Structures are given as structure tokens and as C-alpha cells.
Amino acid sequence: MKYYAVKNGRTPGVYRTWEDAKKQVDGFSGAEYKSFEKITDATEYLDWNKETQPDIVKEDSLSNAIKKIKSASGASQDNSKTSADYFATIYTDGGSRNTGVHKGGHVNETDKAAWAYLIEWDNRRTYGSGGEFGATNNKMELLGLINALEKLIELKFNNKHLLFVLDSQYVLNGINKHWIEGWKKRGWKRSNGPLINASEWKKLDSLLGHFSDSEFSWTKGHADNQGNNFVDHELNKYMDQMK
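Residues numbered from 1 in each chain as written. Predicted model: local features only at pLDDT ≥ 70, side-chain atom pairs only at ≥ 80, totals over all residues. Heavy atoms only, no water.

Considerations on the sheet that holds strand β2 (residues 13-15)
Then comes step 1: Here we have 3 strands laid out as an open sheet, ordered β2-β1-β3, and antiparallel in their pairing. Of all the strands in the sheet, the pair left with one neighbour each is β2 and β3 (32-36). Strand-to-strand, the axes of this sheet are offset by a mean angle of 25 degrees, without reference to chain direction.
Then comes step 2: Here 5 bridges tie strand β1 (residues 3-8) to β3, and the two strands are oriented antiparallel to one another. (Pairing = 2+ DSSP bridges. Helix = DSSP H or I, 4+ residues; strand = E, 2+ residues; numbered from the N terminus. Axes fitted to C-alpha atoms, helices over the stretch in contact; angles between N-to-C directions.)

Let's talk about the packing of helix α4 (residues 137-154) against helix α5 (residues 169-176)
Then comes step 1: At their nearest, the axes of α4 and α5 sit 9 Å apart, and the two run at 60 degrees to each other. If you check the angle between α4 and α5, you find them oblique. Within the contact between the two elements, α4 uses N138, E141, L142 and L145 and α5 uses Y170, V171 and I175.
Then comes step 2: Classifying every residue of the contact of α4 with α5 by side-chain character gives 5 nonpolar, 1 polar and 1 charged. (Parallel < 35°, antiparallel > 145°, perpendicular 65-115°, else oblique. Contact = heavy atoms within 4.5 Å. Nonpolar A, V, L, I, M, F, W, Y, C, P; charged D, E, K, R; others polar.)

Things to note about the pairing of strand β6 (residues 112-121)
Then comes step 1: Of all 10 residues in β6, 9 are buried, a share of seventy percent or more.
Then comes step 2: Bridge count for strand β5 (residues 88-96) against β6 is 8 bridges, and the pairing is antiparallel. Paired with G94 across the bridge in β6 is W115.
Then comes step 3: Pairing between β6 and strand β7 (residues 124-133): 10 bridges, direction antiparallel. Considered in β7, the bridge of A114 is made with G131.
Then comes step 4: Counting the residues between successive antiparallel strands, the hairpin from β6 to β7 contains 2 residues, one of them, D122, with a positive phi of roughly 45 degrees. (Buried < 20%, exposed > 50% of the residue type's maximum accessible area, 1.4 Å probe, protein only.)

Observations regarding the nonpolar core
Here is a general trend for soluble globular proteins: nonpolar side chains tend to be buried in one another's company.
Then comes step 1: Judged by nonpolar contacts, the single largest core of 34 residues is most densely connected at L145, L149, L152, F164 and L204.
Then comes step 2: Where this core is concerned, the elements lending two or more residues are β5, β6, α4, β8 (162-166), α5, α6 (179-185) and α7 (198-208).
Then comes step 3: If one sorts the elements of this core by residue count, α4 sits on top with 8 residues.
Then comes step 4: If sequence neighbours within four positions are ignored, L152 has contacts with I90, I119, F157, N158, L162, F164 and F211.
Then comes step 5: By size, the runner-up hydrophobic cluster in this structure holds 13 residues, among which are A114, L118, L163 and V231. (Core = buried A, V, L, I, M, F, W, Y, C linked by side-chain atoms within 4.5 Å.)

Structural notes on the pattern of salt bridges
Then comes step 1: Considering all chains together, one arrives at 7 salt bridges under this definition.
Then comes step 2: Measuring nitrogen to oxygen at the nearest pair gives 3.5 Å for the salt bridge that ties E150 to K203. Of this pair, E150 sits in helix α4 while K203 is found in helix α7, placing the two residues 53 residues apart along the sequence.
Then comes step 3: For K203, a relative accessible area of 38% gives the class partly exposed.
Then comes step 4: Between E154 and K151 there is a salt bridge, and its shortest N-O distance comes to 3.1 Å. On the criterion of helical spacing, the pair formed by E154 and K151 is a turn pair, its members being 3 residues apart in helix α4.
Then comes step 5: Residue class for E154 comes out exposed when judged on its relative accessible area of 53%. (Salt bridge = Lys/Arg side-chain N within 4 Å of Asp/Glu carboxyl O.)

Structural notes on α4
Then comes step 1: The end-to-end C-alpha separation of α4 is 26 Å, in line with the 26 Å expected for 18 residues at 1.5 Å each.
Then comes step 2: Turning to α4, its buried residues number three or more, namely K139, M140, E141, L142, L143, G144, L145, I146, A148, L149, K151 and L152. (Expected span 1.5 Å × (residues − 1).)

Considering α7
Then comes step 1: Taken residue by residue, α7 has E200, W201, L204, L207 and L208 as its buried positions. Taken down its axis, α7 places every buried residue within 125 degrees of arc, on the same side. (Arc of directions from axis to C-beta.)

Remarks on the confidence of the model for the protein chain
Then comes step 1: Predicted confidence across the protein chain gives a mean pLDDT of 81, with 80% of residues reaching 70 or more.
Then comes step 2: Across residues 49-79, where pLDDT falls below 50, the model places 58 contacts with residues more than four positions away in sequence or in other chains. (pLDDT = per-residue confidence, 0-100.)

Considerations on unusual backbone geometry
Then comes step 1: At H178, a position not held by glycine, the phi torsion is positive, near 60 degrees.
Then comes step 2: Take H178: it is sitting in the loop between α5 and α6.
Then comes step 3: Positioned with a positive phi, W188 is a non-glycine residue whose angle comes to about 60 degrees.
Then comes step 4: Relative to the assigned elements, W188 resides in the loop between α6 and β9 (189-190).
Then comes step 5: Judged by its relative accessible area of 15%, W188 falls in the buried class.

Rendered as C-alpha cells:
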């Protein structure tokens, strides 16, 4: 698989297909772009890897770039609700380098898996990542959100007006379609069998009770949402370092 990094185009970022990247550079004066085998190489080309990871930092070049992109081209369908409408915007993601039989399901004990989150507010941001071996993509998606919620509670942001942006329908359906409530009533079981990742769903349910004014929104993964691309980069960077 190749990653296409557009440094100078209609919407700079990392794209999974040439067709998507081509739309950003065709006919664009001074377009700069390049293909890579690894997403970390693609983000390094965009200078994302120049950042260190302090606990809380002032807005840097990536945040400035995101604002310029939004002001130049308008917010996309995924993030049409801008940061001006919310106290903070939170991006979470999870992934697994699954070598097993069924993608997202069966994994081998040596398969790498990781999660990441990004919290942006008032020209500031903080982010984190973590991982483990032998975990599924879905478990990491849950842990990305769980760790973000815990950080928000630590920052005392949990009662603020918050927007969460995820690319996982698995997690979003549990929240927005109130599946969690049904599983809880059945003793944390599905109607047709056991609930996978039950302990993570229980933890998520407990944390959500501390958030009084939050909205959970979907974005297409690996597309033009810069916050989503950032957390995808962070979790892949974490997996690259796992030994």
C-alpha cells in the first residue's frame, strides 16, 4: 500500500489513493506531492514529525496549517462543526497490524496494536498514544477514546461543550445508537451472544457519565481530516517503536 503526501495543493495531507491525491494537485500551481510506503515517512515529508510531544503546548505549525486549510477551502463534511462552536475538539483513533485470518477480529500474539488521541482548544493542544501486542483494531479504537476522556477529566474539561471526531462506526454506534444501554441492561451481553471488549465498554460507559455536553461525530478515515490523520500518524509511530 502507498501513501500520497500532498505538501502543497488544494487540501494538503496524506491520502490513501492516488485518485484522492490527484484531485488536490491537478491544475494546482506549484503543487508539491510524493508517494511513500510508510505513513510515518509521508508525515515526515509534511514536517509533522518535527513536533515533540509535551503535555500541553501552544499552537504550532500543524495547527496553523489546519486553520489555513479550513479558511481557504471551508470545512469538510466531516468537520463542518468548527472549533468556534465548541470549547474543544477531540480526535481519537486505534489500529492493529493484524496478521491473522480476519481483519479486525482474530490477531496473533505478536501483532502490534496502538491508539492515539488529540485534544485541541483555545489555540492549545495535547495528545497521547499507547499500545499493546495481540489486540484488535476495535479494542484500540475504544482505548483511544477512553484515554482521551480520562485526560479531559484530568484537565477538568468534562463539563465543557465538546466535539469528538472518530472514524470508528463501531464505537460511535455504541454511543449514538445507545447500544451501550442495551448491553448494560442485559448484564453486558449482546442479545445474540457475548459482548466482545466488554471491559472496555464498561469503562467507557462509566467515563461518559462524567460528560454532560458532548457530541460524537464521524469522519472518513485516512482522508482530508487533518486531526484524524494526525492521530493515525501518532498510533502508527507508536507501533513502529514497539519491540
